[in-house]
Amino acid sequence: MKRFVYADNAATTQVSQEVLEAMLPWLKDGYGNPSSIYAKGREAGHAIETARQKVAAALGAQPGEIYFTGCGSESDNWALKGTAHKLAAKGKKHLITTAFEHHAILHSCAALEKEGFEVTYLPVGEKGIITAQQVADAIREDTALVSIMYANNEIGTIQPIAEIGEICRSRGVWFHTDAVQAVGNVPINVAEQNIDMLSMSGHKIHAPKGVGVLYIRRGISIPNLMDGGGQERGHRAGTENVASIVGLARAIETACADIPAKIERVTKMRNRIIDGLLQVPLARLNGDRDRRLMGNVNISFPGVEGESLLLSLDLLGICASSGSACTSGSLDPSHVLLSIGLSHEVAHGSLRISISDWTSDEDVDYIIENVPPVIEKLRAMSPMWEHMQKGEIVL
Ligand SMILES: *Cc1c(COP(=O)(O)O)cnc(C)c1O
C-alpha cells in the first residue's frame, strides 16, 4: 500500500496544529503594530515579550539576551559579521569554524575573507566530529570568534559544544554556535555550556519559515546587521513578524519538553532504518553512528545518482534529500560529504532521511521495504555501477 512519508525534517518541518492556533489571532484581529502606544499595539508588543521569555527559558538564557530575526541564516550572518566588524577595531581579524558548516556560515566567512579577515576551517575527520583540542590549538592572539555548528544538517553529527565553550571562555574568545538543527533534539543551556551566541530557526521545529532567533549573551555588543527603526531594543530593525514570533515560541516549548523521552523513541526508529538500509551491498553510513541527531540517517549507495534516487522515492510517496536542500539542483557534490572524505562518485549517491517524533513505526517499515529495491533497480541501469563492480572506479 502506498503511503506518504515525510522524511525530510532537516530541510523543513510542517507547522503543527498548536503553533498554527497560537498564531492565528495575530494574523487576524491582533494586527496592531507592536510599537504603537494604543492597546491594540501594546497587546502585540506584549505577545512578543511573552514569546521572548519562552524562548529564553527553553535555552537557559535571559529574555534580554534573545533577539528575533528573519531566519536562521540572518542570525548566522549577524553573529559572524557583527563580531568580525566589532573586534577588527581591536586588531582581531581571525575566525575559526569548521569545513562542514551550513552555507549561511561558510558564505559569511567567504565575504569576511574578501574584506581581509582570515578564517581557519577545522577538518572534521571521517566521523564528522571535531575535538575541543582542535579548537584550542587553532586559537591565536588575534582570534575574534569561534563558530562551530551544534549539529550538522546533513550527517547529523553532534559536536562537543560545552567543552568548546569552556575553552573559548577560558581563552577570552567569543563562541557562536549554529544550533538550527540541535534545538529540540539536544538539551541546550547557553549559560551552562558557555555559549556566547546561538542561532536557531523556526521552520526546523514546526514553526513557520521566515523567523529565527539570535541569542547574544549579556555583556556582548555587536553592530546591527539591519538598521532602521528601534525594534528589538534598537538592534534589529523591521516591524516584528508577530504571528511567527508567537509561533516560534510555542514550537520551542513543545520541542524542548521531555527531550530524553523523545530521543529514546526516535533513536530506536532511526537505528531500525540504518540497520535496514545497511543491508544493501556496499552501503555506508556517513557520520558517527552514535553521536548523531536522533532523527538523522545519511547513507551512501555507490553506483546510484542522488537525483534519480530522490525522484524514484518521490513516486513512492517518500520525501527525502540527497545532500542539503540548498545544493540540490546543482551538480556539485555536498561539501559536507566531501569534508568527511567521500569521493565525488560516492557522495553523489547519498541519501539523507531525517525523521522526527511525528514519524510512525509504519513509516519506518515503509522506508525499509521500499528503498533497497529502488537502489537495486537504479544500479541495474547504471553504467557507473558496472564500472564500480569491475573495480574500474575505486570507492
Ligand atoms: C536550515 C539551517 C539554517 C538556515 O536557517 P533558515 O531559517 O532556513 O535561514 C542554518 N543552519 C543550519 C544548520 C540549518 O539546518
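Summary of the structure given here. (Residues numbered from 1 in each chain as written. Predicted model: local features only at pLDDT ≥ 70, side-chain atom pairs only at ≥ 80, totals over all residues. Heavy atoms only, no water.)

**Some thoughts on the sheet that holds strand 10 (residues 296-300)**
Moving on, step 1. Taken in spatial order, the 3 strands of this open sheet run 9-10-12, and their pairing is antiparallel. Each edge of the open sheet is held by one strand with a lone partner, namely strand 9 (284-285) and strand 12 (350-354).
Moving on, step 2. For strand 10 and strand 12, the ladder comprises 5 bridges, and the chain directions are antiparallel. Residue pairing across strands places asparagine 298 opposite arginine 352, the latter belonging to strand 12. (Pairing = 2+ DSSP bridges. Helix = DSSP H or I, 4+ residues; strand = E, 2+ residues; numbered from the N terminus.)

**What about the pattern of salt bridges?**
Moving on, step 1. Under the counting rule described, the total for this entry stands at 17 salt bridges.
Moving on, step 2. In this structure, arginine 289 engages aspartate 275 in a salt bridge whose closest nitrogen and oxygen atoms are separated by 3.0 Å. Pair noted here: arginine 289 is in the loop between strand 9 and strand 10 and aspartate 275 is in helix 9 (residues 259-277), with a separation of 14 residues, a long-range link.
Moving on, step 3. Classification of arginine 289 by relative accessible area gives partly exposed; the value is 30%.
Moving on, step 4. You can call aspartate 275 partly exposed: its relative accessible area is 37%.
Moving on, step 5. Among the ionic contacts, a cluster of salt bridges with common partners joins Glu18, Lys54, Arg250 and Glu253. (Salt bridge = Lys/Arg side-chain N within 4 Å of Asp/Glu carboxyl O. Buried < 20%, exposed > 50% of the residue type's maximum accessible area, 1.4 Å probe, protein only.)

**Some words on the environment of isoleucine 220**
Moving on, step 1. Within the fold, isoleucine 220 resides in the loop between strand 8 (212-216) and helix 7 (231-234).
Moving on, step 2. Each C-alpha atom, one on isoleucine 220 and one on leucine 198, is 13 Å from the other, the two residues being 22 residues apart in sequence.
Moving on, step 3. With residues near it in sequence (within four places) discarded, isoleucine 220 still touches Trp174, Asp196 and Met197. (Contact = heavy atoms within 4.5 Å.)

**So, the side chain of serine 354**
Moving on, step 1. One can find serine 354 in strand 12.
Moving on, step 2. Residue classification places serine 354 among the buried residues on the basis of a relative accessible area of 4%.
Moving on, step 3. A distance of 2.9 Å separates a polar atom in the side chain of serine 354 from the backbone nitrogen of alanine 10.
Moving on, step 4. Dropping the residues within four chain positions of it, serine 354 is found in contact with Ala7, Asp8, Asn9, Ala10 and Gly295. (Polar contact = N/O pair within 3.5 Å; in protein donor to acceptor, adjacent residues only side chain to side chain.)

**Considerations on the packing of aromatic side chains**
Moving on, step 1. For the structure on display, the rule yields 1 aromatic pair.
Moving on, step 2. Ring centres of tyrosine 67 and tryptophan 78 lie 5.6 Å apart, and the angle between their planes is 80°; on these two criteria the pair is classed as edge-to-face. Of the two residues, tyrosine 67 sits in strand 2 (residues 66-69) while tryptophan 78 sits in helix 3 (residues 72-88), which places them 11 residues apart along the sequence. The residues tyrosine 67 and tryptophan 78 share a single accessibility class, namely buried.
Moving on, step 3. Above the face of the tyrosine 31 ring, lysine 40 is positioned so that its terminal group lies 4.8 Å from the ring centre.
Moving on, step 4. Sitting above the plane of the tyrosine 67 ring, arginine 233 keeps its charged end 4.3 Å from the centroid. (Phe/Tyr/Trp six-rings, centres within 6.5 Å; stacked < 30°, edge-to-face > 60°. Lys NZ or Arg CZ within 6 Å of the ring centre and 35° of its normal.)

**Here's the deal with a nonpolar patch on the surface**
Moving on, step 1. Together, Leu20, Leu24 and Leu27 make up a nonpolar patch on the protein surface, roughly 270 Å² of accessible area in all.
Moving on, step 2. Tracing the backbone through its elements, the reader meets leucine 27 in helix 1 (residues 17-27). (Patch = residues over 30% accessible without salt bridge, like charges linked within 9 Å, V, L, I, M, F, W, Y side chains within 5 Å. Areas by Shrake-Rupley, 256 points an atom, 1.4 Å probe, with all protein chains shown as cover.)

**Quick notes on the site of the ligand**
Moving on, step 1. Around the ligand, the surrounding shell holds 13 residues, and the nearest of these are Ser73, Asp178, Gln181, Ser201 and Lys204.
Moving on, step 2. Here an oxygen atom of the ligand sits 2.9 Å away from a polar atom, N or O, in the main chain of glycine 72.
Moving on, step 3. Within the contact set of the ligand, an oxygen atom lies 2.7 Å away from a side-chain nitrogen or oxygen of serine 73.
Moving on, step 4. In the complex, 90% of the free accessible area of the ligand, which totals 380 Å², lies under the protein chains.
Moving on, step 5. With 3 residues, helix 3 is the single largest residue contributor to the shell around the ligand. (Near = heavy atom within 4 Å.)

**Observations regarding helix 6 (residues 161-171)**
Residues lying three or four places apart along an α-helix face the same way, a consequence of the helix completing one turn every 3.6 residues.
Moving on, step 1. Residues of helix 6 that are buried include every one of Ile161, Ile164, Gly165, Ile167 and Cys168, and no others. Relative to the axis of helix 6, the buried residues are bounded by an arc of 165° and lie together on one face. Along helix 6, exposed side chains directed more than 90 degrees from the buried face belong to Glu166 and Ser170.
Moving on, step 2. Lining the buried residues of helix 6 we find helix 5 (132-138), strand 5 (143-147) and strand 6 (174-178). (Arc of directions from axis to C-beta.)

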